[in-house]
Amino acid sequence: MLSKKGTKAATIDTLLTEKRKFKPSSSFARQANAKKSIYTTAKKDYVKFWENLASELVWKKKWKKGLTWKAPDAKWFVGGKLNVTESCLDRHIEEGRKNQAAFIWEGEPGDRRTLTYYELYKQVCKFANVLKSLGIRKGDRVAIYLPMIPELVISMLACARIGAIHSVVFGGFSPESLRDRILDLEAKLLITADGGYRRGQIIPLKHDADVALNECPSVTDVIIIKRGDFLLRFKEGRDHWYHRMMQEADAHCPPVSVDSEHPLFILYTSGTTGKPKGIMHTTGGYLTGVYATTKYVFDVKGDDVFWCTADIGWITGHSYIVYGPMAMGVTQVMYEGAPDWPDKDRFWQIVEDYGVSVFYTAPTAIRAFMKWGEQFPRKHDLSTLRLLGTVGEPINPEAWMWYYEHIGNKKCPIVDTWWQTETGHILITPLPGVTATKPGSATRPFPGIEAKILDEQGREIKEGGGYLAITKPWPGMLRGIWGDRKRFIETYWSKWDGIYFPGDGAKIDKDKYFWILGRVDDVINTAGHRISTMEVESALVEHNAVVEAAVVGIPHELKGQCLVAFVTLGGETTFDDIISRQLRDFVARKIGAIARPERIINAPELPKTRSGKIMRRLLRDIATGKLLGDTTTLADPDVLARIQRRYEED
Ligand code: PRX
């Protein structure tokens, strides 16, 4: 097809246009950490900009050179030495924040604990000594398989204190997933718990860990945290109780200063194919990136109560529960369980109880809140909130508006933050108080970050759709895939020369705002048009009857591919031919006939990963009648069977 300018279409046709725009209020702007000039300062010399931010952290030895860059290898703050825990703990103790709460923690059953910075410091030092007593040294890999309890933070920081590399495996992962990660890491030690709570159920972590460890010869010791009174098998010689070892440990442990490029952690993320990739992050650059973005994107101040609802098993929890906010010395809320336990207002109860002021969650959660209804947030006093954030997926404008109105009471700016496990920290985002927001747009690259939309050949698209590209190095960038240099280069660095390819499609509008369209494998080519499934989903969700939608492409004789939409209806609407036709027409009206779904399938629930991402790949398999793909990462594998039944009945 031809684009407006009459040239061959770039890469992705963009069909939805969003006209609403929200300017920052002058009162927010006045107090904001970020001022407009930050963009010009960063543009003048982006390495200097990051160096200035790095100087706000604690270093044992100052770096000699800000950046060396020979694609795809970046080294930040070369020659510098530091230990991240000094910025996250020691510094706050020395600067008068000793008895400030670092974490106000709430367990799912309702138990509560508050850990001050000083208390946390002592626990981290003790546990670092425990790790040393088991022979863990700088560079060793430690696997962590825990629920959302404070000991998860303590474990990560204790590893960092002695230069060991932590790898957190999300507590909802299966024994096989844990085994594969431990094998890839060749971890020496596993830290786990007897169990954890989720939606009133007990997750038998130690039991699952035992299954995994049957095939993991590298692990010589296991430390078990006692979360409840859960039954477990104790293997003498290998297994140790955390609380017993902590009793005997010394509360002083000098930090091991490591090179700025020393690995801090490895976190696994799934690719479209093949085994999970162990994304490797290093020390100085990563800490600078998460610190800077926490300061300017979340605008945190001394009296804020910050709550990021992610699980620490994902990058969001690493960067915006552990390292970023702790380097800023902020007070945080941490919650163990599900948002709908015991009822659907649990989050709002927590916001009210602790006076949360900055709240960061995912679009999938926001869509669930919408589905449950505004009566749940309305029951609570949310007036302490002053800033809201989202991450993880494109947020459809309707969900954005709902968040803005029903959670933020039309007074909180929303930061829609685009980034990845690989990028380490936020790269595209509004700056609250500076950037005018448009619902559904992550707006502009963070200062010091250069992003562009490119076509297949690497030509820049000034307005319209294409591939998202990051064209300059940034401090928190991944330094590799653990043990797989070839895959690192192939996945991220081979589309264009020296430019990072995140695998996302995006469009840029005339105001230079970025609109992330999702993974390029979620792009459908129908009748010569490349359409983002996300835009069709967004249109569907705008229909009153639709709560959630997932769109996939399947082969079509004439069009190459056609669109099939799986929809979850809300309220009283029942699924029938009439609603199905209405929805197809609705999309055609909203976007154009080219986007009219061929079929609409009734899906009371959609299959999701444990981190809440819709698994379109599996829906595609159902729609094409293929055998089901790998479902090991599905939160509830039965959902799929139910949808398949409906598809076949249809
Ligand atoms: O497709 C983008 C989507 O999530 C991907 C990264 O996933 P993960 O590594 O699991 O990290 C999620 C948390 C940082 C991206 O490639 N994504 C993330 N944030 C956004 C987003 N898509 C649109 N808008 C966002 N704000």
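Residues numbered from 1 in each chain as written. Predicted model: local features only at pLDDT ≥ 70, side-chain atom pairs only at ≥ 80, totals over all residues. Heavy atoms only, no water.

1. Considerations on the overall build of the protein
Scanning the protein from N- to C-terminus turns up 20 helices and 30 strands. Taken against the 2.2 N^0.38 rule, which gives 26 Å for 650 residues, the C-alpha radius of gyration of the protein at 24 Å falls within 12% of a compact globule. Looking at the protein as a whole, 62% of its 650 residues qualify as buried. When the accessible surface of the protein is summed, it comes to about 25500 Å², and 49% of that surface belongs to carbon and sulfur atoms. With 91 positive and 80 negative side-chain charges, the protein shows a separation of 6 Å between the mean positions of the two kinds. (Helix = DSSP H or I, 4+ residues; strand = E, 2+ residues; numbered from the N terminus. Rg over C-alpha atoms; globule rule 2.2 N^0.38 Å. Buried < 20%, exposed > 50% of the residue type's maximum accessible area, 1.4 Å probe, protein only. Areas by Shrake-Rupley, 256 points an atom, 1.4 Å probe, with all protein chains shown as cover. Lys, Arg positive; Asp, Glu negative; His and termini not counted. Charge placed at Lys NZ, Arg CZ, Asp CG, Glu CD.)

2. Quick look at the side chain of aspartate 140
Positionally, aspartate 140 belongs in the loop between α5 (117-133) and β6 (141-145). Side chain to side chain, aspartate 140 and lysine 188 meet in a polar contact 3.1 Å long. (Polar contact = N/O pair within 3.5 Å; in protein donor to acceptor, adjacent residues only side chain to side chain.)

3. Let's talk about the site of the ligand
For the ligand, the set of nearby residues contains 16 residues, the closest of which are Asp416, Thr417, Gln420, Thr421 and Asp504. Here a nitrogen atom of the ligand and a backbone polar atom of glutamate 393 are 3.2 Å apart. A distance of 2.9 Å separates an oxygen atom of the ligand from a polar atom in the side chain of aspartate 504. Calculation on the ligand without its partners gives an accessible area of 540 Å², and the protein chains cover 90% of this total. Sorting the residues of the shell around the ligand by element identifies α11 (315-328) and β25 (514-519) as the ones contributing at least two each. Considered class by class, the residues forming the shell around the ligand number six nonpolar, five polar and five charged. (Near = heavy atom within 4 Å. Nonpolar A, V, L, I, M, F, W, Y, C, P; charged D, E, K, R; others polar.)

4. What to know about the pattern of salt bridges
Summed over all chains, the structure comprises 44 salt bridges. Its salt-bridge partner being glutamate 106, residue arginine 346 comes within 2.9 Å of it at the nearest N-O pair. Of this pair, arginine 346 sits in helix α12 (residues 346-354) while glutamate 106 is found in strand β4 (residues 101-106), placing the two residues 240 residues apart along the sequence. Glutamate 106 matches arginine 346 in its accessibility class, with the two residues each being buried. Across the pair aspartate 345 and lysine 379 runs a salt bridge, and its minimum N-O distance is 3.6 Å. Of the two residues, aspartate 345 is situated in the loop between β17 (331-335) and α12 and lysine 379 in the loop between α14 (375-378) and β19 (387-390); the sequence distance between them amounts to 34 residues. The exposure class assigned to aspartate 345 is buried, which follows from its relative accessible area of 11%. Residues joined by salt bridges that share partners form a network here, namely Lys21, Lys438, Asp509 and Asp511. (Salt bridge = Lys/Arg side-chain N within 4 Å of Asp/Glu carboxyl O.)

5. Structural notes on a positive patch on the surface
On the surface, Lys61, Lys64, Lys81 and Lys138 cluster together into a positively charged patch. Looking at the element boundaries, lysine 64 is found in the loop between α3 (46-54) and β1 (65-70). Accessibility expressed as a relative area gives 71% for lysine 64, which makes it exposed. (Patch = residues over 30% accessible without salt bridge, like charges linked within 9 Å, V, L, I, M, F, W, Y side chains within 5 Å.)

6. A look at the sheet that holds strand β16 (residues 305-308)
A sheet is described by the order of its strands in space; here seven strands give the open sequence β5-β4-β17-β16-β18-β19-β20, paired in mixed fashion. The sheet is open, and its two edges are formed by β5 (112-116) and β20 (414-416), each paired on a single side. Between one strand and the next, the sheet's axes are offset by a mean angle of 15 degrees, whatever the strand orientation. Bridge analysis of strand β18 (residues 358-361) against β19 gives four bridges, and the strand direction is parallel. (Pairing = 2+ DSSP bridges. Axes fitted to C-alpha atoms, helices over the stretch in contact; angles between N-to-C directions.)

7. Some thoughts on the domain arrangement of the protein
Domain assignment breaks the protein into domain 1 (115-256) and domain 2 (527-649). Taken over C-alpha atoms, the centre of domain 1 sits 40 Å from the centre of domain 2. (Domains from an automatic or database assignment.)

8. Points about the packing of helix α4 (residues 84-94) against α11
At a minimum axis separation of 8 Å, α4 and α11 run at an interaxial angle of 45 degrees. Overall, the two elements α4 and α11 adopt an arrangement that is oblique. With respect to the hand of their crossing, α4 and α11 are arranged in left-handed fashion. Across the interface between the two elements, Val84, Ser87, Cys88, Leu89, Arg91 and His92 of α4 pack against Tyr323, Met326, Ala327 and Met328 of α11. Class assignment of the residues belonging to the contact of α4 with α11 gives a composition of seven nonpolar, two polar and one charged. (Parallel < 35°, antiparallel > 145°, perpendicular 65-115°, else oblique. Left-handed = near helix turned anticlockwise from the far one by under 90°. Contact = heavy atoms within 4.5 Å.)

9. Some thoughts on the sheet that holds strand β28 (residues 546-556)
One open sheet holds the three strands; their spatial order is β28-β29-β30, and the pairing between them is mixed. Two strands lie at the open edges of the sheet, namely β28 and β30 (599-602), each paired on one side alone. Ignoring which end each strand starts from, the neighbouring axes of this sheet average 25 degrees apart. In this sheet, strand β29 (residues 560-569) lies alongside β28 in antiparallel orientation, the contact comprising 10 bridges.

10. Structural notes on unusual backbone geometry
A cis amide bond links alanine 71 to the next residue, proline 72, at an omega of 5 degrees. Within the secondary structure, proline 72 sits in the loop between β1 and β2 (73-78). Look at the link from tryptophan 341 to proline 342: it is a cis peptide, with omega at -5 degrees. Positive phi, normally seen in glycine, also occurs at arginine 199, with a value near 50 degrees. Within the secondary structure, arginine 199 sits in the loop between β9 (196-198) and β10 (201-203). For arginine 199, a relative accessible area of 38% gives the class partly exposed. Even without being a glycine, threonine 443 presents a positive backbone phi close to 65 degrees. Looking at the secondary structure, you find threonine 443 in the loop between β20 and β21 (451-454).

11. Regarding α12
Residues Arg346, Phe347, Trp348, Ile350, Val351 and Tyr354 constitute the buried set of α12. Directly beyond the C-terminal end of α12, a positive phi value near 65 degrees is found at glycine 355.

12. Considerations on the packing of aromatic side chains
Scanning the entire structure with this criterion turns up 43 aromatic pairs. Measuring from ring centre to ring centre gives 5.2 Å for phenylalanine 49 and tryptophan 50, while their planes differ by 70 degrees; the resulting arrangement is edge-to-face. By relative accessible area, phenylalanine 49 is classed as buried at 9%. In this structure tryptophan 50 comes out as buried when scored by relative accessible area, which is 0%. Among the aromatic residues, ring-to-ring pairing joins Trp307, Tyr335, Phe347, Trp348, Phe359, Phe369 and Trp372 into one connected group. It is lysine 21 that lies over the ring of tyrosine 513; its NZ or CZ is 5.6 Å from the centre. (Phe/Tyr/Trp six-rings, centres within 6.5 Å; stacked < 30°, edge-to-face > 60°. Lys NZ or Arg CZ within 6 Å of the ring centre and 35° of its normal.)

13. Things to note about the nonpolar core
Judged by nonpolar contacts, the single largest core of 146 residues is most densely connected at Trp50, Phe127, Leu131, Leu190, Phe298 and Tyr323. In contact with tryptophan 50, not counting residues within four places along its chain, are Trp76, Phe77, Thr288, Gly289, Ala292, His425, Phe446, Pro447, Gly448, Ile449 and Pro475. (Core = buried A, V, L, I, M, F, W, Y, C linked by side-chain atoms within 4.5 Å.)

14. Comments concerning the pairing of strand β22 (residues 464-470)
Here β22 lies mainly inside the structure; seven of its seven residues are buried. Both β22 and strand β24 (residues 504-508) contribute to a ladder of four bridges, which runs antiparallel. Bridge pairing in β24 places glycine 464 opposite isoleucine 508.

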